[in-house]
Amino acid sequence: MKEYNKSNIPLAKTLRKNMTPWERKLWYLFLRNYPIRFQRQKAIANYIVDFYCAKARLVIELDGSGHYTPEQTEKDKIRTNELENMNLKVLRVCNLDIDRNFSGVCEHIDLTVKKHLSQTNKGK
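The paragraphs below set out a description of the structure included in this document. This one's a predicted model, so the numbers in the text were calculated from it and none came from an experiment.

**Side note on the pattern of salt bridges**
Phase 1: Under the criterion given, the structure shown has 4 salt bridges.
Phase 2: With a closest N to O distance of 2.9 Å, Asp63 and Arg92 form a salt bridge. Within this pair, whereas Asp63 is found in strand β3 (residues 58–63), its partner Arg92 is found in strand β4 (residues 89–94), the two being separated by 29 residues in sequence.
Phase 3: Among the residues examined, Arg92 registers a relative accessible area of 27% and is labelled partly exposed.
Phase 4: Taking the shortest distance from any N to any O, the salt bridge between Asp76 and Arg92 comes out at 3.3 Å. With Asp76 in helix α3 (residues 70–84) and Arg92 in strand β4, this pair connects stretches of sequence that are 16 residues apart.

Right, dumping it as structure tokens:
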């Protein structure tokens, strides 16, 4: 189990109840019924990630327009580096891709999960 900041738990619960339309679509139309368990709004270290699959060591972050300012881009880069230093794969998905190419996003997630599961199993 990943270490986490316990003070983030109430916020994570609130975020689960108030998902963005893109998070809701990805969760209810794909990840919730995916054969390998995903969690939503998961506290990891000092962060709350949008979606997390422990078995594949995969974090999925959905990025809306606010993520493309220079300040937020730098914060996201630091966040991604810190999560990757915990041996996690971070997959960033643009909200526009959820709108315009949902099946492609789902296929990309599926391929990424399978790739990381095979890498994890090779290491055993």
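**Considering the nonpolar core**
Phase 1: Ranked by internal contacts, the top residues of the largest apolar core, which has 23 residues, are Leu26, Leu31, Phe38, Ile60, Ile109 and Val113.
Phase 2: Elements with a minimum of two residues in this core: α2 (21–29), β2 (47–53), β3, β4 and α5 (102–122).
Phase 3: Apart from residues lying up to four places away in sequence, Phe38 is in contact with Trp27, Leu31, Phe51, Tyr52, Cys53, Leu58, Ile60, Ile109 and Val113.
Phase 4: If you look at the next biggest cluster of nonpolar residues, it comprises 8 residues, including Ile44, Tyr47, Val59 and Leu88.

**Some details on the environment of Thr112**
Phase 1: Within the fold, Thr112 resides in helix α5.
Phase 2: What Thr112 contacts, discounting residues up to four positions off in sequence, is Leu58, Lys89 and Leu91.
Phase 3: Within the structure, Thr112 has its side chain in polar contact with the backbone oxygen of His108 (distance 2.8 Å).

Thresholds, definitions, all that
Residues numbered from 1 in each chain as written. Predicted model: local features only at pLDDT ≥ 70, side-chain atom pairs only at ≥ 80, totals over all residues. Heavy atoms only, no water. Salt bridge = Lys/Arg side-chain N within 4 Å of Asp/Glu carboxyl O. Helix = DSSP H or I, 4+ residues; strand = E, 2+ residues; numbered from the N terminus. Buried < 20%, exposed > 50% of the residue type's maximum accessible area, 1.4 Å probe, protein only. Core = buried A, V, L, I, M, F, W, Y, C linked by side-chain atoms within 4.5 Å. Contact = heavy atoms within 4.5 Å. Polar contact = N/O pair within 3.5 Å; in protein donor to acceptor, adjacent residues only side chain to side chain.

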